[in-house]
Amino acid sequence: MIPVKSDVFVSVVLPVRNMGRQAAGALTTVAECMKTHFSFFEIIVVDEASSDATVAEMATVLERYEGIRIIELSRRCGVDIAISAGFEGAVGECVAVLDLVSDPVERLPELVMQCLSSGAILYGTTKRRNSNPFRALFSALFHWYCGRVLGIDIQRNAGIFRVYNRAATNAYINTADRTRDARLVTASLGFELRPFDSHERGGSKVSLRQRRSFLEDVNSFFEILVFTSRHPLRWASFLGLVAAGANLVYVCYVIGVIALKEQIAEGWVTLSLQNAFMFLLLSLALALLCECVGKILAESQKHPLYTVLRERNSSVLVDASRRRNIVSESA
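Residues numbered from 1 in each chain as written. Predicted model: local features only at pLDDT ≥ 70, side-chain atom pairs only at ≥ 80, totals over all residues. Heavy atoms only, no water.

## Section: the overall build of the chain
Turning to step 1, where the next piece is worked out: Broken down by element type, the chain carries 10 helices and 8 strands.
Turning to step 2, where the next piece is worked out: Split into buried and exposed, the 331 residues of the chain put 42% on the buried side.
Turning to step 3, where the next piece is worked out: Considering only contacts within the chain whose residues lie at least 6 apart along the sequence, 86% involve residues at least 24 apart.
Turning to step 4, where the next piece is worked out: Here the chain has roughly 18,300 Å² of accessible surface; of this, 59% comes from carbon and sulfur atoms. (Helix = DSSP H or I, 4+ residues; strand = E, 2+ residues; numbered from the N terminus. Buried < 20%, exposed > 50% of the residue type's maximum accessible area, 1.4 Å probe, protein only. Contact = heavy atoms within 4.5 Å. Areas by Shrake-Rupley, 256 points an atom, 1.4 Å probe, with all protein chains shown as cover.)

In structure tokens, the structure reads:
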């Protein structure tokens, strides 16, 4: 049974980009739900440098509801980094991430109670299928690699909608590489993962993750492929060993020819094929090594994942009797 007013402090992180006129209505829906079911809450909107009137539309909601904060990022960094930016500012006992376009916010009170009682991370799944065959192929490769190679089981239909307890949130924030796919980071935390059906609302509306371009999906796939583990380096080592073994066999072949034949043909065709094959293997190994070295270089430069351009807060004050973790007098 869900209490009408829960005393749990809940933080809601909403990554947004170019929502236009529907932004104010969607944010109002979330604010009404939180105000109805929770005595203490905060709503953190992270805008990914929208080029339309998204922020201006949402700013009108700040005048009517309390506990809303809008963080404007200076550039587009991706939905996963936007989620990370929201997590760093969240202070709730329970932190939820959802997509304003497609995720049903009305299920949030029930999910918060389940998360706190079980200690697990809850993630929403949808039945929407990808109509693009190329994206479907890359999605299959992504999940196969994570499950078989990395040993991390990521549900194929997992969306953005997730609910974390405080311990899981802290573990997420302390993750060294938060540039990766948020689903992968969540699955690697070690907490129990429990799926729930997240029936999309809005009919034909498309979620943030599905609005990403095919090239962005491909780029994310190869970043995970190269930067998540040492497996690519092991493949580079394997290719190097294969090339070395092939060269050794070829040396033995040349020695045998010299020992058994009196007249030796030039053999320029064989030599050309051998050189081409060796350089192919070496080039593949060099490409993997260069990607890994590039990642090390990028990390050594200490560039910030994101930069906050502006921050706006609700103009509606919270009643002093309802504030938590605030004292009026010192001991």
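Read on for the rest.
## Examining the pattern of salt bridges
Turning to step 1, where the next piece is worked out: Summed over the entire model, instances satisfying the criterion amount to 4 salt bridges.
Turning to step 2, where the next piece is worked out: Note that R69 and E311 form a salt bridge whose closest N and O atoms lie 3.5 Å from each other. With a gap of 242 residues between them, R69 in strand 3 (residues 68-73) and E311 in strand 8 (residues 308-313) connect regions that are remote in the sequence.
Turning to step 3, where the next piece is worked out: Taking relative accessible area as the criterion, R69 reaches 16% and is therefore assigned buried.
Turning to step 4, where the next piece is worked out: In this structure E311 comes out as partly exposed when scored by relative accessible area, which is 40%.
Turning to step 5, where the next piece is worked out: Within the structure, one salt-bridge network assembled from shared partners comprises E42, R69 and E311. (Salt bridge = Lys/Arg side-chain N within 4 Å of Asp/Glu carboxyl O.)

## Focus: the nonpolar core
Turning to step 1, where the next piece is worked out: By size, the foremost hydrophobic cluster in this structure holds 38 residues, and its most contacted members are L14, M34, I43, M58, L108 and V163.
Turning to step 2, where the next piece is worked out: Sequence-distant contacts of V163, defined by excluding residues within four places in its chain, comprise C94, V95, A96, L108, L111, V112, C115, A120, I121 and L122.
Turning to step 3, where the next piece is worked out: I83, V95, I160 and A182 belong to the second-largest nonpolar core, a separate cluster that totals 23 residues. (Core = buried A, V, L, I, M, F, W, Y, C linked by side-chain atoms within 4.5 Å.)

## Concerning the sheet that holds strand 6 (residues 158-165)
Turning to step 1, where the next piece is worked out: Within the open sheet, the 8 strands sit side by side as 7-5-6-4-1-2-3-8. Their pairing is mixed. One side of each edge strand has no neighbouring strand; the edge strands of this open sheet are strand 7 (193-197) and strand 8. This sheet shows a mean twist of 20 degrees between the axes of neighbouring strands, independent of strand direction.
Turning to step 2, where the next piece is worked out: Where strand 3 and strand 8 come together, 5 bridges link them in antiparallel fashion. If you follow I71 over to strand 8, its bridge partner there is E311.
Turning to step 3, where the next piece is worked out: Docked against the sheet, helix 1 (residues 22-37) engages strand 1 (6-16), strand 2 (38-47) and strand 3, running at close to 160 degrees with respect to strand 2. (Pairing = 2+ DSSP bridges. Axes fitted to C-alpha atoms, helices over the stretch in contact; angles between N-to-C directions.)

## Brief notes about helix 5 (residues 133-149)
Turning to step 1, where the next piece is worked out: The first and last C-alpha atoms of helix 5 sit 23 Å apart over 17 residues, in line with the 24 Å expected at 1.5 Å per residue.
Turning to step 2, where the next piece is worked out: Of the residues making up helix 5, those classed as buried are R135, F142, H143, Y145 and C146. Mapping the buried residues of helix 5 onto a view down its axis gives an arc of 155 degrees, with all of them on the same face. In helix 5, those exposed residues whose orientation departs by more than 90 degrees from the buried face are P133, F134 and R148.
Turning to step 3, where the next piece is worked out: Looking one or two residues beyond helix 5, the residue adopting positive phi is G151, at roughly 75 degrees. (Expected span 1.5 Å × (residues − 1). Arc of directions from axis to C-beta.)

## Examining helix 9 (residues 231-260)
Turning to step 1, where the next piece is worked out: Its 30 residues give helix 9 an end-to-end C-alpha distance of 43 Å, which sits within 8% of 44 Å, the value for a rise of 1.5 Å per residue.
Turning to step 2, where the next piece is worked out: Of the residues making up helix 9, those classed as buried are P232, A236, L239, A243 and V257.

## Things to note about the state of the cysteines
Turning to step 1, where the next piece is worked out: Within the structure shown, the criterion is met by 0 disulfides.
Turning to step 2, where the next piece is worked out: Among the cysteines around C115, which has no disulfide bond, C94 carries the closest sulfur, lying 4.0 Å off. (Disulfide = S-S within 2.5 Å.)

## Side note on the packing of helix 3 (residues 79-89) against helix 6 (residues 166-173)
Packed helices, taken two at a time, are described by the angle their axes make and the gap between the axes.
Turning to step 1, where the next piece is worked out: Contact pair helix 3 / helix 6: the axes reach a minimum separation of 10 Å and the direction vectors enclose 120 degrees. Classified by the interaxial angle, the pair formed by helix 3 and helix 6 is oblique. Pair helix 3 / helix 6 crosses with left-handed handedness. In this structure, helix 3 contributes D80, I83, S84, F87 and E88 to the contact, and helix 6 contributes T169, Y172 and I173.
Turning to step 2, where the next piece is worked out: A per-class count over the contact of helix 3 with helix 6 returns 4 nonpolar, 2 polar and 2 charged. (Parallel < 35°, antiparallel > 145°, perpendicular 65-115°, else oblique. Left-handed = near helix turned anticlockwise from the far one by under 90°. Nonpolar A, V, L, I, M, F, W, Y, C, P; charged D, E, K, R; others polar.)

## Some details on a nonpolar patch on the surface
Turning to step 1, where the next piece is worked out: Side chains of W235, F238 and V242 sit close together on the surface and give an oily, nonpolar patch of about 310 Å² of accessible area.
Turning to step 2, where the next piece is worked out: Along the chain, F238 falls in helix 9.
Turning to step 3, where the next piece is worked out: With a relative accessible area of 44%, F238 lands in the partly exposed category. (Patch = residues over 30% accessible without salt bridge, like charges linked within 9 Å, V, L, I, M, F, W, Y side chains within 5 Å.)

## Here we look at unusual backbone geometry
Turning to step 1, where the next piece is worked out: Within the chain, N18 stands out as a residue other than glycine whose phi angle is a positive 50 degrees.
Turning to step 2, where the next piece is worked out: Looking at the element boundaries, N18 is found in the loop between strand 1 and helix 1.
Turning to step 3, where the next piece is worked out: Assessed through its relative accessible area of 31%, N18 is described here as partly exposed.
Turning to step 4, where the next piece is worked out: Here the phi dihedral of A49 falls at roughly 50 degrees; this positive angle occurs in a residue that is not glycine.
Turning to step 5, where the next piece is worked out: Structurally, A49 can be placed in the loop between strand 2 and helix 2 (54-59).
Turning to step 6, where the next piece is worked out: Relative accessible area serves as the criterion here: at 25%, A49 is assigned to the partly exposed category.

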